[in-house]
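Chains, contacts and geometry: an overview
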Amino acid sequence: MPNIEELATQLAGDDKSQYMPWLDALSEGAFLQGEAHLGERAFRLTAEACATPKQFSLLVEAFDAHAKEHPYAPNGFDLLVDHVDDSPDSLADWVAAVEYFYDWLAQKNRTSLGLAQLLEYLSCCVEAQKSLPHKEALVDVLTDMLDQYGFEG
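Residues numbered from 1 in each chain as written. Predicted model: local features only at pLDDT ≥ 70, side-chain atom pairs only at ≥ 80, totals over all residues. Heavy atoms only, no water.

What to know about the pattern of salt bridges
Applying the stated criterion to the full structure yields 7 salt bridges. Between E35 and K68 there is a salt bridge, with its nearest N and O atoms 3.6 Å apart. Taken together, the residues span a long stretch of sequence, with E35 in the loop between α2 (19–33) and α3 (40–49) and K68 in helix α4 (residues 53–69) at a distance of 33 residues. Owing to a relative accessible area of 56%, K68 belongs among the exposed residues under this scheme. Between D89 and K135 there is a salt bridge, with its nearest N and O atoms 2.7 Å apart. (Salt bridge = Lys/Arg side-chain N within 4 Å of Asp/Glu carboxyl O. Helix = DSSP H or I, 4+ residues; strand = E, 2+ residues; numbered from the N terminus. Buried < 20%, exposed > 50% of the residue type's maximum accessible area, 1.4 Å probe, protein only.)

Considerations on the environment of L58
Locating L58 in the fold gives a position in helix α4. Through-space distance from the C-alpha of L58 to that of G29 is 9.6 Å; in sequence the pair is 29 residues apart.

Some thoughts on the nonpolar core
Formed by 50 residues in total, the largest nonpolar core has its most connected members in L26, F56, F101, L119 and L122. For this core, the element with the highest residue contribution is helix α6 (residues 91–107), accounting for 9 residues. The contacts of L26, once residues within four sequence positions are left out, are I4, L7, A8, L11, F43, A47 and F56. (Core = buried A, V, L, I, M, F, W, Y, C linked by side-chain atoms within 4.5 Å. Contact = heavy atoms within 4.5 Å.)

Brief notes about the packing of α6 against helix α7 (residues 115–129)
For any two helices packed against each other, the geometry comes down to the angle between their axes and how far apart the axes lie. Contact pair α6 / α7: the axes reach a minimum separation of 11 Å and the direction vectors enclose 115°. Note that α6 runs across α7; the crossing there is right-handed. When α6 is examined against α7, the residues W94, A97, V98, F101 and Y102 are found in contact with a partner set consisting of L115, L118, L119, Y121, L122, S123 and V126. Of the residues that constitute the contact of α6 with α7, the class distribution is 11 nonpolar, 1 polar and no charged. (Axes fitted to C-alpha atoms, helices over the stretch in contact; angles between N-to-C directions. Left-handed = near helix turned anticlockwise from the far one by under 90°. Nonpolar A, V, L, I, M, F, W, Y, C, P; charged D, E, K, R; others polar.)

A few points about the side chain of S57
In this structure, S57 sits in helix α4. Looking at S57, the relative accessible area reads 14%, which means it is buried. With residues up to four places along the chain from it excluded, the contact list for S57 reads A25 and E28.

This is the structure in structure tokens:
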């Protein structure tokens, strides 16, 4: 297990007020780490890709739910990384889009969908991005797609 105090200090950076929120999120994540089948490297990479403790908590919970729903499938982190590898967007871009999608679902009073289905929708956004005259942020493409087409899932 990574040293969560060190990692919280690193992620909080100069904003000392963020140390405790990061420590809380990382502690919760460490508790779920085994159930989510999240190795130490994946744990650290996930944390470093997240802009906020909320994003980290959301992802670890999604990884945990994915592991429970699909115990013999690749873990949630590996699934996410496979999608990231097939796109021009960074892991941090995907994390922001995942957070936006879950927030959108909550605003629509919809039950959260599985991580795999959410990532497939984001992959469609990546494909749609290729037809645009200039590259847009993945979260912006997702916003446009959800506004235009919604989500039936």
